[in-house]
Amino acid sequence: MARYELVKRSVALITLTNPPVNSLSSAVRHGIAKTMDRALSDPKVTAVVICGENGRFCGGADIREFAGPMRGPPLLPLLDSIEAGEKPVVAAIEGVALGGGLELALVCHYRIAHSKARLGLPEVTLGLLPAAGGTQRLPRLIGIPAALELITTGRHVSSQEALKLGIVDQVTEQNVCEVAVEFALRAVAKPLSSRRLSALTVPCPPDLDALLEAVTMQIQKKARGMMAPLACVQAVRAAATMPYSQGIKRESELMATLFNSGQARALQYCFFAERTAGKWTLPSGAQWNDTKPREIRSAAVIGLGTMGRGIAVSLARVGISVIAVESDKKLMETGRQMVIGMLERDAKRRGVSASLNLLKFTLSLQDLKDVDLVIEAVFEDMALKKRVFQELSKLCRPTTLLCSNTSGLDVDALAGVTDRPQLVIGMHFFSPAHVMKLLEVVCGPRSSSETIATAMSLGKRMEKVSVAVGNCPGFVGNRMLKPYSDQATFLLEEGATPEQIDKVLEDFGFAMGVFRMSDLAGLDVGWRVRKESGLTGPDVDPKNPPRRRQGRKYCPIPDMVCEQGRFGQKTGRGWYMYDKPGGTNAKPDPLIQNLLETYRSRYGIKPRNITDQEIIDRCLFALANEGFRILEDGIAARPEDIDVIYQFGYGFPRHRGGPMFYASMVGLERVLERLEHYHQAHPDVPHLEPSPLLKKLVACGSPPIQKWREHIKTMHSHL
Ligand SMILES: CC/C=C\CC(=O)SCCNC(=O)CCNC(=O)[C@H](O)C(C)(C)COP(=O)(O)OP(=O)(O)OC[C@H]1O[C@@H](n2cnc3c(N)ncnc32)[C@H](O)[C@@H]1OP(=O)(O)O
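As the structure is a prediction and not an experimental result, all values here were calculated from the model.

### Description of the overall build of the protein
So, step 1. Along the backbone of the protein there are 28 helices and 21 strands.
So, step 2. In summary, the protein has a C-alpha radius of gyration of 28 Å against a globular reference of 27 Å for 719 residues, a match within 12%.
So, step 3. Expressed as lengths along the three principal axes of its C-alpha atoms, the size of the protein is roughly 95 × 60 × 55 Å.
So, step 4. Put simply, the protein has 719 residues, and 56% of those count as buried.

Put into structure tokens, the structure is as follows:
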């Protein structure tokens, strides 16, 4: 796990060998301890270089080991002993030096980085802090403000920025190991005391308290209840105010609290869930690692509304040429200006030049004859989408992939009107598509494995987190949203207010409560869907709208809000009021309060006090319950996929893991018991009836989430 070689007759070259990222597993730590001992005790060796195999220095501690008991030599004393050694040690950093990997580099007396390397202390993103001396050494090296920023955000820096900050001593474009060996030879005669970071004093800003306070306040605003960033601030405060020996103790204490927290478990689960999500498998046996995607060089986007524009930008910025189609000249010109503006701003932010030459705008579908792939992003209307697909089928090359950005319509029905159902697939982007990371790849029953592989690989290239899901109304994300938002509106009937519910959900950690989110998305969207499905319409008595429809409980309040022309932010009024149409500053609206009171008195509902816990339980358990149904229906392959969708598409707090992980943390028995309780109280709400899979898992002793799949295996897969 650590290879030892003697090079240039006197330099010990220690290579970490734990692919793919040379993480510091117990075997690697053991290997480092052994090879360092050998280097320090061999009189022929005058200097040491540490590097990593396969172009990667080290990706940090082995995160998989965090779940089990600690084995092998602990990292902190091992690193302290490297720093204390009497022979110069040089870190040769290629690829990445992250977390424990950077902490290892910080105990080396010198650091040489390749120009393409990235460095950082991302522990905070795993609910931890850099507890192998990182919070104590980095401030001593680069000062409190810069160290605070890196440690509390977990941001990776380029080697050029690392050089400017003083983290590395040299950046090279050449073979970093060779450069480091030469460097080590030159360092042999030099004193090491000033190179031992733990022995340095921290350059302390005069306004330390004010700085720490400002950072704490900033974090409290942004971190939505995450503990780790605040613990990082405390650890850096210790570096500034205590000698190293005490600071390191404080670092360990803070780490101990974080390490055993549910938040750390959730964030580490998210790390692996995100990586697992791309690994799709079909019932046919085809899967992500044995199906070759097609290469996509050119694409078309049909429709230059909000979604189409974002999709066009996301394609062009990764080097794919895009033909954007609109049906009307004025709309096309508006779309063109918006897309160009977005692409220019995006390029400026990334420090690259905007790839405007890749864009073409047209009014004619005829121009799409030769593209490799088309993404339809027209209005959410099945008849319109079918017409577009029929036409594409006639016009495009027989090999062109036809994709729809529908947010919930039947992808197979679209495939059915084409001459190539195997090349039809859903690519459900989230708004704004050039910002939001999530892509649901909706596999119809006839989508070929090559088509799925191509859509997934295109998503990855577009820097999206892509999740393969089955075809059903609303797919995964929007299907689950219904029971969640239904519970919120039922709670309004019973006595809650939009602002109360939103506050509880936002305090839980959601980026936005359900009502603020609806105002942002536009209330008319759901209203149109309800009209299309016959739940509401001209036949409904506006004075006395029924509270039971299609055999189940129905809350007419959202329709009543829409009937007043309140469609959310875009109209300046929705569940809240805004300063102006398009405004974003939501304020409680007395008119909504009035509407709720009138509604309750009309139906003789006595409002009651609703606790925060009831809001959380009803909204989140209804959400997870639908997730269990999605798993048993085979629409999602794993709970991890659902959780990734909710984090990246719906603002579910990452430190809670996602709705399915949250359910597992609360305890499946409790989720089942609460759902049974609420279903008894509301028997006409089918979404509250516990799903058979939830019952089955509880009956099997509530296995950990990673084992749920074994209980779903026998059920039908739509993927
Ligand atoms: C006392 C405590 C001391 C220290 C604490 C720490 O060090 S905590 C760990 C801090 N390090 C990190 O957070 C880095 C995590 N890894 C990454 O950010 C990326 O993996 C990386 C290194 C930038 C590489 O990205 P890339 O896109 O190239 O690959 P991918 O992410 O798909 O990873 C490849 C496979 O490696 C697994 N993996 C990555 N890092 C770790 C790790 N630190 N421990 C364990 N496993 C790791 C990852 O899960 C992938 O596995 P696979 O089975 O192929 O899905």
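Now, onward.
### Considerations on the site of the ligand
So, step 1. The immediate surroundings of the ligand are formed by 25 residues, with Arg-56, Ala-61, Gly-100, Arg-275 and Lys-279 found nearest.
So, step 2. Measuring from an oxygen atom of the ligand, one finds a side-chain N or O atom of Arg-56 at 2.4 Å.
So, step 3. Where the shell around the ligand is concerned, the elements lending two or more residues are helix H3 (100-107) and helix H11 (262-277).
So, step 4. Per element, the largest residue contribution to the shell around the ligand is 3 residues, and it comes from H11.
So, step 5. Considering only residue class, the shell around the ligand consists of 12 nonpolar, 5 polar and 8 charged.

### Thoughts on empty space enclosed by the protein
So, step 1. Per the counting criterion, the structure on display carries 2 cavities of 30 Å³ or more.
So, step 2. What the largest cavity holds in volume is close to 50 Å³.
So, step 3. Lining the largest cavity we find Thr-536, Val-540, Asp-541, Pro-542, Pro-545, Arg-549, Pro-556, Asp-559, Met-560 and Glu-563.
So, step 4. If one sorts the elements of the lining of the largest cavity by residue count, helix H21 (residues 557-563) sits on top with 3 residues.
So, step 5. Taken together, the residues that form the lining of the largest cavity break down as 5 nonpolar, 1 polar and 4 charged.
So, step 6. Roughly 30 Å³ of volume is contained in the second largest cavity.
So, step 7. Among the secondary structure elements, those contributing two or more residues to the lining of the second largest cavity are helix H17 (477-494), helix H19 (514-521) and helix H24 (639-650).
So, step 8. Looking at the lining of the second largest cavity residue by residue, the classes come out as 8 nonpolar, no polar and no charged.

### Quick notes on the sheet that holds strand E9 (residues 170-172)
So, step 1. Spatially, E1-E2-E3-E4-E6-E9 is the arrangement adopted by the 6 strands of the open sheet, whose pairing is mixed. At either margin of the open sheet sits one strand with a lone partner, and together these are strand E1 (2-7) and E9. The mean inter-strand angle of the sheet, taken between neighbouring strand axes irrespective of direction, is 20°.
So, step 2. Pairing of strand E4 (residues 89-93) with strand E6 (residues 110-114) involves 4 bridges; the strand directions are parallel. Pairing of Val-90 across the sheet is with Tyr-110, part of E6.

### Regarding the packing of aromatic side chains
So, step 1. Within the structure shown, the criterion is met by 16 aromatic pairs.
So, step 2. With centroids separated by 4.3 Å and ring planes inclined at 15°, the aromatic side chains of Tyr-646 and Tyr-650 adopt a geometry described as stacked. Pair noted here: Tyr-646 and Tyr-650 are both in helix H24, with a separation of 4 residues, about one helical turn. Taken individually, Tyr-646 and Tyr-650 each receive the classification buried, so the pair is uniform in this respect.
So, step 3. The lysine or arginine in question, Lys-531, covers the ring of Trp-527, its NZ or CZ lying 3.5 Å from the ring centre.
So, step 4. Seen from the ring of Phe-508, Arg-656 lies directly overhead, with NZ or CZ sitting 4.1 Å from the centre.

### Focus: the pattern of salt bridges
So, step 1. Under the criterion given, the structure shown has 48 salt bridges.
So, step 2. Linking Glu-253 and Arg-250 is a salt bridge whose minimum nitrogen-to-oxygen distance equals 3.1 Å. You can see Glu-253 and its partner Arg-250 sitting in helix H10 (residues 244-259), 3 residues apart, about one turn around the helix.
So, step 3. For Glu-253, a relative accessible area of 45% translates into the label partly exposed.
So, step 4. Of the residues examined, Arg-250 reaches a relative accessible area of 25% and is grouped as partly exposed.
So, step 5. Ionic contacts of the salt-bridge type, sharing partners, join the residues Arg-317, Asp-346, Arg-349, Arg-350 and Glu-463 into one network.

### Considering the sheet that holds strand E8 (residues 157-158)
So, step 1. If you trace the 3 strands from one edge of the open sheet to the other, you get E5-E7-E8, paired in mixed fashion. This sheet does not close on itself; its edge strands, each paired only once, are strand E5 (96-98) and E8.
So, step 2. Here 3 bridges tie E5 to strand E7 (residues 118-120), and the two strands are oriented parallel to one another. If you follow Val-96 over to E7, its bridge partner there is Arg-118.
So, step 3. Running over the sheet, H3 touches E5 and E7 and is turned about 95° from E5.

### Remarks on helix H1 (residues 26-41)
So, step 1. With 16 residues, H1 should reach 22 Å at 1.5 Å per residue; the first-to-last C-alpha distance of 23 Å fits that figure.
So, step 2. The complete set of buried residues in H1 reads Val-28, Arg-29, Gly-31, Ile-32, Thr-35, Met-36 and Ala-39. All buried residues of H1 lie within an arc of 155° about the axis, which places them on one face of the element. Of the residues in H1, the exposed ones pointing more than 90 degrees away from the buried face are Lys-34, Asp-37 and Ser-41.

### Points about the environment of Arg-294
So, step 1. Assignment of secondary structure puts Arg-294 in the loop between H11 and strand E10 (298-302).
So, step 2. Take Arg-294: its relative accessible area is 24%, and that puts it in the partly exposed class.
So, step 3. For Arg-294 and Ser-457, which are 163 residues apart along the polypeptide, the C-alpha to C-alpha distance reads 8.7 Å.
So, step 4. At 2.5 Å, the side chain of Arg-294 forms a polar contact with the backbone oxygen of Thr-399.

### Looking at the confidence of the model for the protein
So, step 1. Of all residues in the protein, 100% have pLDDT values of 70 or greater, and the mean over the chain is 96.
So, step 2. Note on the complex model: pTM 0.95, ipTM 0.99.

### Focus on the packing of helix H23 (residues 612-632) against helix H25 (residues 659-666)
So, step 1. It is the contact of H23 with H25, at a shortest axis distance of 9 Å, that shows an interaxial angle of 110°. With respect to H25, the element H23 is oriented roughly perpendicular. Considering only the axes of H23 and H25, their crossing is left-handed. Contacts between H23 and H25 pair Ile-616, Leu-620, Phe-621, Leu-623, Ala-624, Gly-627, Phe-628 and Leu-631 from the former with Pro-659, Met-660, Tyr-662, Ala-663 and Val-666 from the latter.

What counts as what
Residues numbered from 1 in each chain as written. Predicted model: local features only at pLDDT ≥ 70, side-chain atom pairs only at ≥ 80, totals over all residues. Heavy atoms only, no water. Helix = DSSP H or I, 4+ residues; strand = E, 2+ residues; numbered from the N terminus. Rg over C-alpha atoms; globule rule 2.2 N^0.38 Å. Buried < 20%, exposed > 50% of the residue type's maximum accessible area, 1.4 Å probe, protein only. Near = heavy atom within 4 Å. Polar contact = N/O pair within 3.5 Å; in protein donor to acceptor, adjacent residues only side chain to side chain. Nonpolar A, V, L, I, M, F, W, Y, C, P; charged D, E, K, R; others polar. 1 Å grid on protein atoms, 1.4 Å probe; cavity = no way out; pocket = protein on both sides within 12 Å on 5 of 7 lines; lining within 4 Å. Points joined across faces, edges and corners; volume = space filled by probe spheres on them. Pairing = 2+ DSSP bridges. Axes fitted to C-alpha atoms, helices over the stretch in contact; angles between N-to-C directions. Phe/Tyr/Trp six-rings, centres within 6.5 Å; stacked < 30°, edge-to-face > 60°. Lys NZ or Arg CZ within 6 Å of the ring centre and 35° of its normal. Salt bridge = Lys/Arg side-chain N within 4 Å of Asp/Glu carboxyl O. Contact = heavy atoms within 4.5 Å. Expected span 1.5 Å × (residues − 1). Arc of directions from axis to C-beta. pLDDT = per-residue confidence, 0-100. Parallel < 35°, antiparallel > 145°, perpendicular 65-115°, else oblique. Left-handed = near helix turned anticlockwise from the far one by under 90°.

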